[in-house]
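# Notes for the structure review
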Amino acid sequence: MTPTITYSLKNDQSHADQYYRDIAAFADQAIAEGDARAAITLRAFEAFLRATERETIRSRAEYLYEFLTLGVLWRVYIRNACELGALPRRALTILSRVRERNQRLKPMADALRGVLTSWFLSPRPRAETSAPRSLEMLERLLGWLQATGDFNQEVKRLNNWRDFFATQTPEQIAAHLSSALAFADWFEARSVDVLGCYTPNVEKFLRETHPRYRGREDALFCGRQRVEYHLNMLGTEILNRALRASFLQTRRKIVVVPPCMRAQPDAKCQARATMFGAQCAACTPGCRIHQLTLLGEKQGFGVFILPDELKTFSGKTTGADDSLGIVGVSCVLTNAPGGWEMQTLGVPAQGLPLDYCGCRYHWHRDGIPTDIGFGQLLRLLEIRVPEQH
Ligand code: SF4
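These figures come from a predicted structure and were not determined experimentally.

Reading guide: rules and limits
- Residues numbered from 1 in each chain as written.
- Predicted model: local features only at pLDDT ≥ 70, side-chain atom pairs only at ≥ 80, totals over all residues.
- Core = buried A, V, L, I, M, F, W, Y, C linked by C-beta atoms within 7 Å.
- Buried ≥ 20, exposed ≤ 12 C-beta atoms within 10 Å, placed from the backbone.
- Helix = DSSP H or I, 4+ residues; strand = E, 2+ residues; numbered from the N terminus.
- Contact = placed C-beta atoms within 7 Å.
- Pairing = 2+ DSSP bridges.
- Right-handed = clockwise from strand over helix to strand, strands pointing away.
- Expected span 1.5 Å × (residues − 1).

A few words on the nonpolar core. In this structure, Leu64, Phe67, Leu68, Leu141, Val255 and Val257 are the most contacted members of the largest nonpolar core, which totals 95 residues. Ranked by residue count, the leading element in this core is helix H2 (residues 60–83), at 14 residues. Setting aside anything within four residues of it in sequence, one finds Leu141 in contact with Leu73, Trp74, Tyr77, Ile78 and Ala81.

Below, the discussion takes up the pairing of strand S6 (residues 349–353). In terms of burial, S6 is a largely internal element, five of the five residues being buried. Of the pairings in the sheet, the one linking strand S5 (residues 324–330) to S6 comprises five bridges and is parallel in character. Considered in S6, the bridge of Ser330 is made with Pro353. Traced from S5 through helix H13 (residues 332–345) to S6, the parallel crossover comes out right-handed.

Here H13 spans 21 Å end to end across 14 residues, near enough to the 20 Å set by a 1.5 Å rise per residue. Among the 14 residues in H13, eleven count as buried, and that is most of the element. Within H13 the residues assigned to the buried category are Val332, Leu333, Thr334, Asn335, Ala336, Pro337, Gly338, Gly339, Trp340, Glu341 and Met342. In this structure, the buried residues of H13 make contact with helix H6 (152–165), helix H10 (226–249), S5 and S6.

Take the environment of Ser179 next. Inspection of the secondary structure puts Ser179 in helix H7 (residues 170–195). Placed 112 residues apart in sequence, Ser179 and Phe67 show a C-alpha to C-alpha distance of 9.2 Å. Among residues more than four places away in sequence, those in contact with Ser179 are Arg37, Ala38 and Thr41.

Right, let's talk about the environment of Ala39 for a bit. Among the structural elements, Ala39 can be located in helix H1 (residues 17–52). On the neighbour-count criterion, Ala39 (13 C-beta atoms within 10 Å) is partly exposed. In this structure, the C-alpha to C-alpha distance between Ala39 and Leu64, residues 25 residues apart in sequence, is 9.0 Å.

And the structure:
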């Protein structure tokens, strides 16, 4: 049996179908709970967006998810944000930009970030909520999140919230933040009840394995708390609902999978580069990407191994406009931010989380080939055939 490093959507079953039923039911519950708790704040935020015309109004559930993200990230990281000085914050922010924009300098930036991350950004064992609920504190949190380079999509969304708060009185800001924190408290407790069976080893990993990540560039990413896994699970479900109609209207569909699904390591995989990412060359019959490619040939969708840049899929780059729909496969922690990025690029997309994590870059010395439920993929694509796993 595949070892569970932190999470497994299969929960000891042969497939993840129960997870998809559970996350759908839990999303309904979380949306109803958030609406009941934060309707006034959400209405005021939407009115602000309309008045400032900064974006086309999206669904209430998406704003609710952003509001919950604010509460959860505040609970997990506000103490770190309070402790980070202006100088290291600036240095870390510059290094994150360098690694994003310059592939040649990325190894050097990563090495430096590894050292600085272990000095300045190490996650604290427990959330601290006694920080003043003020605009200044929110700006400190956003500054910290930006400095990490791991929360770019979250920061983009939360910047709108910061600007909205700037139009409010200190009392109103405190009330909005208190509401976000109370919702995050509810979410943390309830999500463990419903989704905890899918994240059984996160705390063990943080306790026993994560201390050895000190000095590594990915220490923060691999140090995510259990509640953040649950938050991202909810995010994928909510974004999939929001983007579903535009995705289903597209004429061509492709599935973009991460390299960690390959049966062979980089040097042995024979996949050939294309403009959308690498395409499988069928070197290993048991490889899941090969099997998925065969399924795609039969059912009419393409399969590509993830390119470094999601921008590859924007209409501007490909000329594909809205005729191309993408199913993005990635681990639970990156899937919802990937959905936000696709939305920003104007690409109709659906997210499909890996059943478990295992790549050798982050999680396992030798790498464990990862997997997805083909049944859930076919449901996302609205292809009705007997389920395969
Ligand atoms: S079967 Fe395809 S994806 Fe898998 S290792 Fe071979 S070429 Fe790479």
